[in-house]
Amino acid sequence: MTGTRRVAVAADSPFGLGNLPYGVFAPPGGEYRIGVRYGDDVVDLAVLLDDSTFVRSTLNDFLARGPRHWREVRERVRELLTGPLPETAVHPVADVRLKLPVAVGDYVDFYASIDHATNLGRLLRPDGDPLLPNWRHLPVGYHGRAGTVVVSGTDVIRPRGQLRTASGTPEFGPTRRLDIEAEVGFVVGVGSEPGRPIRTEEFPVHVFGVALVNDWSARDIQAWEYQPLGPFLGKSFATSLSAWVTPLAALTEARIPLPGQDPEPLPYLRERDAWGLDIDLTVRWNGVPVAHPPYRRMYWSPAQMLAHLTANGASVRPGDLYASGTVSGPERDQRGSLMELSWGGTEPVEVNGERRAFLEDGDEVVLTATAPGADGARIALGEVAGRVRPAR
Ligand code: CA
């Protein structure tokens, strides 16, 4: 019998009993397995629960088992964490390797912030209405590239692509407008049948949790290629995902009504109690907090996004990811992309004494977020970090 120990985590810890996000980790010299983050430790669920189904390199099988299983596991884990734990179940977060928590089969990126869509509309189409006619009728989105979703901490290599020159003809080279997009991602647990759309009220049956996303973007490549079919190589080189997936069960206190929709959407997008999430994001650029995007202002709800992406009968599978699109607010320091923060490069941002518009090689961006938890405490979502490396 190995020893046991108690893990003391303060009641107001951002990673306390009310949070318990899931991730996939490997202890030094060990194989990948599923754990929950508790304070500054990772607790190995295979050891804690004596259940070998948690010796897995992704969360997908666990997610596929559905809400009843998720609830039972969470309740059992919460109960056990208050008592002595097997020493072999507890590893300091700093000592483990973390990998992409889910095998992402399909990835969709939405455009659900009215402030972001308005800002981008003003920047890209200064003479027209910033919101296109469809925007208030459907959550605009596109299918991204699942195979380049990478875990937080992975370096991002500056992409090359076609860039429009002053003469109007393109050249090929490294992007000069490398940007970020601070987003909230939703991880699908239970899949759906082809031909059967997911109704808004079925959201909790299908979606397991949330994880922060940085949708790296090359604005010059994007601006040249995007019409008429939308984002392509300006987006597909890398999308960073947090190593930790926060279950929706941890975000009960963070639920808030949507800010309001006008006009009322079509029936398949209506919800009895449409809710969003009161998540506060922070964007740090080389350690300097440059923006605090508020998720509470998002126009479309998480359930509406899922209802829309399956409205044509497209099915989803365990581990699918859909992201909200850039989270921005009405104030300058609430903008979740550098394109908006620097207003297309015309209003540089001060970072450690330098005036900057887009990312340079060696720059690091870290997204973090907090949300209301139980008893007035705040819980933290896992961070998303990435450093820019030179083009190859
Ligand atoms: Ca995006």
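Here the structure is a predicted model, which is why all the values come from computation and not from measurement.

(A) Geometry of the pairing of strand E3 (residues 33-38). Of all six residues making up E3, six are buried, and the element is well covered by its neighbours. Residues Arg33, Gly35 and Arg37 point to one face of E3 and Ile34, Val36 and Tyr38 to the other, with burial holding for every one of them. Relative to E3, strand E2 (residues 22-26) runs antiparallel, the two sharing four bridges. Directly across from Phe25, in E3, lies its bridge partner Arg33. In sequence, E2 turns back onto E3 through a hairpin of six residues, with Gly29 there showing a positive phi of about 75 degrees. Pairing of E3 with strand E4 (residues 41-44), which is carried by four bridges, proceeds in the antiparallel orientation. Within E4, the residue paired with Gly35 across the bridge is Asp44.

(B) Highlighting the domain arrangement of the chain. Each domain of the chain was delimited in the assignment, giving domain 1 (4-99) and domain 2 (107-389). Computed over C-alpha atoms, the centres of domain 1 and domain 2 are 28 Å apart. In this complex, domain 1 contributes 27 residues to the contact, which on the side of domain 2 involves 24 residues. Of the roughly 1,800 Å² buried where domain 1 meets domain 2, counting both sides, 73% is carbon and sulfur surface. Summed over the three residues of domain 1 that lose the most area to domain 2, namely Tyr22, Leu63 and Trp70, the buried surface amounts to 27% of that side. Put simply, domain 1 and domain 2 have zero salt bridges between them. If you look at where domain 1 meets domain 2, you find four residue pairs in polar contact (both at pLDDT 80 or more). Counting residues per element, the ones that place at least two in the side of domain 1 that touches domain 2 are E2, E3, helix H2 (60-64), helix H3 (67-81) and strand E7 (97-99). Considering each element in turn, the side of domain 1 that touches domain 2 owes the most residues, four residues, to H2. When the residues that make up the side of domain 1 that touches domain 2 are grouped by side-chain class, the tally is 16 nonpolar, seven polar and four charged.

(C) Layout of the sheet that holds strand E22 (residues 280-285). Ordered by their spatial adjacency, five strands build an open sheet running E11-E28-E27-E22-E23, and the pairing between neighbours is mixed. Lying at the two open borders of the sheet, with one neighbouring strand each, are strand E11 (156-157) and strand E23 (288-291).

(D) Representation of H3 within the structure. Compared with an ideal rise of 1.5 Å per residue, which puts 15 residues at 21 Å, H3 spans 21 Å between its outermost C-alpha atoms and is within 8% of the ideal. Every buried residue of H3 is accounted for by His69, Trp70, Val73, Arg74, Val77 and Leu81. One side of H3 carries all its buried residues, which in axial view fall inside an arc of 130 degrees. Opposite the buried face of H3, by more than 90 degrees, sit the exposed residues Arg68 and Glu79.

(E) Here's a closer look at the environment of Tyr22. Tracing the backbone shows Tyr22 in strand E2. Its relative accessible area of 2% is what places Tyr22 among the buried residues.

(F) Fine view of helix H7 (residues 302-309). Within H7, seven of the eight residues are buried, which leaves the element mostly enclosed by the surrounding structure. Those residues of H7 lying buried are Pro302, Ala303, Gln304, Met305, Leu306, Ala307 and Leu309. Those residues of H7 that are buried are in contact with strand E8 (107-110), strand E15 (182-188), helix H5 (203-206), strand E16 (207-214), strand E21 (275-277) and strand E24 (321-323).

(G) Representation of the coordination of the calcium ion within the structure. Every protein donor of the calcium ion is listed here as Asp109 (OD), Glu181 (OE), Glu183 (OE) and Asp215 (OD), and their distances to the metal cover 2.2 to 2.3 Å. In the primary sequence, the donor residues of the calcium ion line up as D-x71-E-x1-E-x31-D. With Asp109 in strand E8 and Asp215 in the loop between E16 and strand E17 (217-218), the pair connects residues that are 106 residues apart, well separated along the chain. For the pair formed by Asp109 and Asp215, the shared burial category is buried.

(H) How the structure looks around the packing of aromatic side chains. For the structure on display, the rule yields eleven aromatic pairs. Considering the side-chain rings of Phe110 and Tyr322, the 6.0 Å spacing of their centres and the 85 degrees angle between planes classify their relative orientation as edge-to-face. Remark: Tyr322 occurs in strand E24 and Phe110 occurs in strand E8; sequence separation between them is 212 residues. For the pair formed by Phe110 and Tyr322, the shared burial category is buried. Centroid distance Phe203 to Trp275: 5.5 Å. Interplanar angle 75 degrees. Geometry classified as edge-to-face. Taken together, the residues span a long stretch of sequence, with Phe203 in helix H5 and Trp275 in strand E21 at a distance of 72 residues. Across this residue pair, the class does not change: Phe203 and Trp275 are buried. Three or more aromatic residues joined by ring pairs form one cluster here, namely Tyr22, Phe54, Phe62, Trp70 and Phe208. It is Lys99 that lies over the ring of Tyr32; its NZ or CZ is 5.9 Å from the centre. In this structure, Arg255 is placed above the aromatic ring of Trp275, and the distance from its NZ or CZ to the ring centre is 3.8 Å.

Criteria and cut-off values
- Residues numbered from 1 in each chain as written.
- Predicted model: local features only at pLDDT ≥ 70, side-chain atom pairs only at ≥ 80, totals over all residues.
- Heavy atoms only, no water.
- Buried < 20%, exposed > 50% of the residue type's maximum accessible area, 1.4 Å probe, protein only.
- Helix = DSSP H or I, 4+ residues; strand = E, 2+ residues; numbered from the N terminus.
- Pairing = 2+ DSSP bridges.
- Domains from an automatic or database assignment.
- Contact = heavy atoms within 4.5 Å.
- Buried area = accessible area lost by both parts, 1.4 Å probe.
- Salt bridge = Lys/Arg side-chain N within 4 Å of Asp/Glu carboxyl O.
- Polar contact = N/O pair within 3.5 Å; in protein donor to acceptor, adjacent residues only side chain to side chain.
- Nonpolar A, V, L, I, M, F, W, Y, C, P; charged D, E, K, R; others polar.
- Expected span 1.5 Å × (residues − 1).
- Arc of directions from axis to C-beta.
- Donors = N, O, S within 2.8 Å, 3.2 Å for Na, K, Ca; no water.
- Phe/Tyr/Trp six-rings, centres within 6.5 Å; stacked < 30°, edge-to-face > 60°.
- Lys NZ or Arg CZ within 6 Å of the ring centre and 35° of its normal.

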